[in-house]
Amino acid sequence: MAEIIQERIEDRLPELEQLERIGLFSHAEIKAIIKKASDLEYRIQRRALFKEDFINYVQYEINLLELIQRRRTRIGYSFKKDEIENSIVHRVQGVFRRASAKWKDDVQLWLSYVVFCKKWATKPQLSKVFSAMLAIHSNKPALWIMAAKWEMEDRLSSESARQLFLRALRFHPECPKLYQEYFRMELMHAEKLRKEKQEFEKAKMDVGNLDYPEEILNGELARIIYKNSVSIIKGAEFHVSLLSIAQLFDFATDLQREIYDDLQALHTDDPLTWDYVARRELEVESQPAGEQPATKQARAVELGRKEERCCAVYEEAVKTLPTEAMWKCYINFCLERFTKKTSSQFLREKIDLLLHHDFLKEALEVAVAGTASFRDSVTMWQMKLQVLINSKSPDIAMCFEEAFVHLKAQDCLPLWISWAEWSEGTKREEDTEAIFKKALLAVKGADSVTLKNKYLDWAYRSGGYKKARAVFKSLQESRPFSVDFFRKIIQFEKEQESCKMANLREYYERALREFGSVDSDLWMDYIKEELNHPLGKPENCGQIYWRAIKMLQGESAEMFVAKHAMHQAGHL
C-alpha cells in the first residue's frame, strides 16, 4: 500500500511544482499539502474503507481548487490550468468513481458527484455521470427529471432531454411529474425554435435548408404527450396541471383551448373542474387589450362584472353537482373575494345577507340546520360560528366546544385557530393562552405544526420577546415542527436591541436537529450569522460547512454547495 500512496503523491508533484513556480503557493504550503494528501491517500487506500474518508478527500481537493481560483484572481494569473486545475479535477473524478462504485445506492453521494462535475468538469463528462447514476437509480423519477433538465437547459440538447424522458417513462409509465416536465420541455423546445426562426427572418436569412416543421413550431409534440398522458393518468387535477403549464407559453393558444375543452368534457363531475372554469372568468378580458378601463372606478366595475360571471358559473355548478365539495368551492371563492374587499355589490350581498343583523334569526336557522344535517362538516360549523361571531353572541365558546364533540380531531385545526383569534380580540391573555394549550393537547401530527406557529406569533404580539422565548422553550421538544417555527424565534431575537449570539446559536442548533438534512438555507444563514454578528465567530464557519456537507441529503446538498460557492465568490 505504501508504494501506491507514494506513486499517487508523485503524480501530484508536477502540479504542485507549477503552483510554487508561478507563485500561487509558498514552499511551506506545498509541503503542508503533500503531508495532508499523504494522510488522505492512506485513508482511501487501506483495506477497511469508509465513505467519510472519500468525502473528506473530495472536500479537501475542492477547497484547494477554490483557493487556487481566488489566488489566481488576486494576482491576475490565468495560465497553466491544464497542468494544475485539470489534473486535480481528474483526480477527484477518479475518487468519486471509486466511491460511487462501492456505495452505489447512496443517492447523496451521486448528487455530490453531479454538483462537482457541474462546476469543474466538462459537459460530456457530466452527461456520463448522469448515465451511470440513472443506470443504478432508474427507480427515482426526480433523478431522470434532473438529468433531462440539465440536457435541455445547460447542454442545450432537446433531443438528449427527450430521450431521457422517454426512457424514464418506460420505467415509470404512470408518474404524473414525468409527464408534466416532459410536456413543459417540448413546449420550451418549440418556443426556442420559434425564436430562432424569428431571428433568422429578422436578419433576412433563408431558413429553407433548416429544419423548422410547422407542426413542431405549433407544439404538436407537446400535444401528443398531453393526449397520451391524460389517457393514462385520470382526474381533473392532473388535467388542470397540464393546462397551467401550457398557459405559460403564449404561442400555444390552440393547445390551451383543446386542453380546456377536454377538461370540461371529461371531468364534468369533478368540483375541481367547475372551480377552475369559474375562477378562469377572473382572467378573461371582456374588452380588447387596447381598450382596458383607465380609471380606478372603471377597473372596479370591470372586476365586479368578472366576479358576477364567476358566480354565474358556480350557480350552474351547484345545480349540476349539488355536493358538499362543490358548495365548499363556491363558499371559499366568495369568502376569498370578500376578504380582498372588492367593489362587487353582487358578492357583498351574498355574504352580508347571511351575516346582517336584520337576518340573524334566519341565518341562525340555516346554520343550525346545516350543522344538524352535516355534523361532521367543518365548513358548516365554520359558517355557524361566523354568524355567531359577527352578531357578538354570548354562545360562541359553547359552540366551539360543541363542534369539537362532533368533528374528528384531525379536522378541527381551522376551528381551534378561529377560537384563538376570536379570543385574542375579546378575552384576557390568560384565556387565549388556555385555548392554545388545550388545542395542542387535542391536535396531533402535522396539523399541530400550524398551531405551534400561531401560538409563538401570539406570544410575541401579546407579551414580547420574553413571552415568546418562554413559549418556544415549552414547545421545543414537542415534535413535529416547521422551519418557520425556528425562523420566527430567530427573527424575534434579531429584533431585540441586545441581540445575543448565544441565543441565535441555540436556535440554529435546535432547528438543525430537525431540518439539518433537508434545509440548505438554514446552514447558509447560520454561517452568515457567525460572519456578520458583532459577537459571531467566523472561525466556526468551516466546522458548520463540514457538518452541513455530512448532514444534507439529496438535492439539498447540491443547493448548499452552490449557494456556499456563490457566497464565497461574493466575498472575494
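None of these values were measured; they are calculated from a predicted model. (Residues numbered from 1 in each chain as written. Predicted model: local features only at pLDDT ≥ 70, side-chain atom pairs only at ≥ 80, totals over all residues. Heavy atoms only, no water.)

A.B. asks: Just to check I follow, could you spell out the overall build of the protein chain for this structure?
C.D. replies: Broken down by element type, the protein chain carries 28 helices and 0 strands. Taking 2.2 N^0.38 as the reference for a compact globule, 572 residues should give roughly 25 Å; the C-alpha atoms of the protein chain span a radius of gyration of 31 Å, well beyond that estimate. Referenced to the eigenvectors of the C-alpha coordinate spread, the extents of the protein chain come out at roughly 95 × 70 × 50 Å. Burial analysis of the protein chain (572 residues in total) assigns 45% to the buried set. Where the 87 positive side-chain charges of the protein chain centre and where its 89 negative ones centre are 5 Å apart. (Helix = DSSP H or I, 4+ residues; strand = E, 2+ residues; numbered from the N terminus. Rg over C-alpha atoms; globule rule 2.2 N^0.38 Å. Buried < 20%, exposed > 50% of the residue type's maximum accessible area, 1.4 Å probe, protein only. Lys, Arg positive; Asp, Glu negative; His and termini not counted. Charge placed at Lys NZ, Arg CZ, Asp CG, Glu CD.)

A.B. asks: Hey, could you run me through the environment of Ile-489 in this one?
C.D. replies: Following the sequence through the fold, Ile-489 ends up in helix α24 (residues 483–494). C-alpha separation for the pair Ile-489 and Ile-4, spaced 485 residues apart in sequence, amounts to 53 Å. In this view, Ile-489 contacts Leu-456, Tyr-465, Ala-468, Arg-469, Phe-472 and Tyr-507; residues no more than four positions away in its chain are not counted. (Contact = heavy atoms within 4.5 Å.)

A.B. asks: Can you help me understand helix α14 (residues 271–280) in this one?
C.D. replies: Side chains of residues three or four places apart in an α-helix project in the same direction, reflecting 3.6 residues per turn. Counting buried residues along α14, 7 of its 10 residues qualify, which places the element largely inside the surrounding structure. Residues of α14 that are buried: Pro-271, Thr-273, Trp-274, Asp-275, Tyr-276, Val-277 and Ala-278. Capping the start of α14 is the job of one residue whose side-chain oxygen sits 2.9 Å from the backbone nitrogen of Leu-272: Asp-270. (Polar contact = N/O pair within 3.5 Å; in protein donor to acceptor, adjacent residues only side chain to side chain.)

A.B. asks: Please clarify how helix α7 (residues 141–153) should be interpreted in this entry.
C.D. replies: Between its terminal C-alpha atoms α7 stretches 18 Å, which fits the 18 Å expected from 13 residues at 1.5 Å a residue. Among the residues of α7, those classed as buried are Leu-143, Trp-144, Ile-145, Met-146, Ala-147, Ala-148, Trp-150, Glu-151 and Met-152. (Expected span 1.5 Å × (residues − 1).)

A.B. asks: What is the right way to read the packing of aromatic side chains from this model?
C.D. replies: Aromatic ring pairs: the centre-centre distance and the angle between the two ring planes describe each pair. Tallied over the entire structure, the rule returns 28 aromatic pairs. Where Phe-472 meets Phe-485, the ring centres are 5.5 Å apart and the plane angle is 20°; that geometry is what we call stacked. Remark: Phe-485 occurs in helix α24 and Phe-472 occurs in helix α23 (residues 447–475); sequence separation between them is 13 residues. Accessibility assignment for this pair places Phe-472 and Phe-485 in one class, buried. Here the aromatic residues Phe-472, Phe-481, Phe-485, Phe-486, Tyr-507 and Phe-515 are joined through ring pairs into a cluster of three or more. (Phe/Tyr/Trp six-rings, centres within 6.5 Å; stacked < 30°, edge-to-face > 60°.)

A.B. asks: Sorry, what's going on with the environment of Ala-168 here?
C.D. replies: As for its placement among the helices and strands, Ala-168 is situated in helix α8 (residues 158–171). C-alpha of Ala-168 to C-alpha of Ala-562: the two residues are 394 residues apart in sequence and 27 Å apart in space. Beyond its immediate sequence surroundings of up to four residues, Ala-168 is in contact with Trp-144 and Leu-178.

A.B. asks: Quick question: what am I supposed to make of the UniProt feature "domain: U3 small nucleolar RNA-associated protein 6 N-terminal" (unreviewed entry) in the protein chain here?
C.D. replies: What UniProt calls "domain: U3 small nucleolar RNA-associated protein 6 N-terminal" (unreviewed entry) maps, in this numbering, to residues 9–91. When the span residues 9–91 is considered, its composition is 77% helix and 0% strand, and the gap between its end C-alpha atoms is 11 Å. (UniProt positions renumbered as here; feature names shortened; annotations may be inferred.)

A.B. asks: Whenever I open this one, the nonpolar core confuses me. Can you help?
C.D. replies: The tendency in soluble globular proteins is for nonpolar side chains to be buried as a group. Phe-116, Phe-183 and Leu-187 are the most contacted members of the largest nonpolar core, which has 97 residues in total. The element contributing the most residues to this core is helix α5 (residues 107–120), with 9 residues. Leu-187 has contacts with Ala-222, Ile-245, Ala-246, Phe-249, Phe-251, Ala-252 and Leu-255, leaving out every residue within four places of it along the chain. Ranked by size, the runner-up nonpolar core spans 61 residues in total, among them Ile-396, Trp-422, Phe-472 and Phe-485. (Core = buried A, V, L, I, M, F, W, Y, C linked by side-chain atoms within 4.5 Å.)

A.B. asks: Quick question: what am I supposed to make of the packing of helix α6 (residues 123–136) against α7 here?
C.D. replies: At a closest axis distance of 10 Å, the pairing of α6 and α7 adopts a crossing angle of 160°. As the angle between them shows, α6 and α7 are arranged roughly antiparallel. Pair α6 / α7 crosses with left-handed handedness. Where α6 abuts α7, its residues Lys-123, Leu-126, Ser-127, Phe-130, Met-133 and Leu-134 lie against Leu-143, Trp-144, Met-146, Ala-147, Trp-150 and Glu-151. The residue inventory of the contact of α6 with α7, partitioned by class, reads 9 nonpolar, 1 polar and 2 charged. (Axes fitted to C-alpha atoms, helices over the stretch in contact; angles between N-to-C directions. Parallel < 35°, antiparallel > 145°, perpendicular 65-115°, else oblique. Left-handed = near helix turned anticlockwise from the far one by under 90°. Nonpolar A, V, L, I, M, F, W, Y, C, P; charged D, E, K, R; others polar.)

A.B. asks: Can you walk me through unusual backbone geometry in this structure?
C.D. replies: When glycine is set aside, most residues are seen to have a negative phi, and most peptide bonds are trans. Put simply, Arg-479 and Pro-480 share a cis peptide bond, and its omega is 0°. Considering the arrangement of structural elements, one finds Pro-480 in the loop between α23 and α24. In the Ramachandran plot, Lys-80 falls in the positive-phi region, its phi being about 65° despite a non-glycine side chain. Tracing the chain through its elements places Lys-80 in the loop between α3 (51–75) and α4 (85–102). The partly exposed category is assigned to Lys-80, whose relative accessible area is 28%.

A.B. asks: I tried to follow the pattern of salt bridges on my own but got confused; where do I start?
C.D. replies: Pairing is possible between side chains of opposite charge, provided their charged atoms come close. Here the structure, examined in full by the defined rule, presents 43 salt bridges. Linking Arg-162 and Glu-159 is a salt bridge whose minimum nitrogen-to-oxygen distance equals 2.7 Å. Taken together, the residues span about one helical turn, with Arg-162 and Glu-159 both in helix α8 at a distance of 3 residues. Overall, Arg-162 belongs to the buried group, its relative accessible area being 12%. Two residues, Glu-477 and Arg-513, come together in a salt bridge whose shortest N-O distance is 3.4 Å. Separated by 36 residues along the polypeptide, Glu-477 in the loop between α23 and α24 and Arg-513 in helix α25 (residues 501–515) bring together distant segments of the chain. (Salt bridge = Lys/Arg side-chain N within 4 Å of Asp/Glu carboxyl O.)

A.B. asks: So what exactly am I meant to see when it comes to the packing of α5 against α6 here?
C.D. replies: Running from amino to carboxyl end, α5 crosses α6 at an angle of 170°, the nearest separation of the two axes being 9 Å. By the criterion of interaxial angle, the relationship of α5 to α6 is roughly antiparallel. Here Trp-110, Tyr-113, Val-114, Cys-117 and Lys-118 of α5 lie close against α6, whose contacting residues are Leu-126, Val-129, Phe-130, Ala-132, Met-133 and Ile-136. Here the contact of α5 with α6 is composed, by residue class, of 10 nonpolar, no polar and 1 charged.

A.B. asks: Quick question: what am I supposed to make of the side chain of Asp-53 here?
C.D. replies: Among the structural elements, Asp-53 can be located in helix α3. With residues up to four places along the chain from it excluded, the contact list for Asp-53 reads Arg-43, Ile-44 and Arg-46.

A.B. asks: What is the right way to look at the state of the cysteines in this model?
C.D. replies: Cysteine pairs can be linked by a disulfide, which is a covalent bond between their two sulfur atoms. Considering all chains together, one arrives at 0 disulfides under this definition. Residue Cys-541 stays outside any disulfide, its sulfur separated by 16 Å from that of Cys-499, the closest cysteine. (Disulfide = S-S within 2.5 Å.)

A.B. asks: Hey, could you run me through the side chain of Glu-61 in this one?
C.D. replies: Inspection of the secondary structure puts Glu-61 in helix α3. The contacts of Glu-61, once residues within four sequence positions are left out, are Arg-12, Ile-88, Arg-91 and Val-92.

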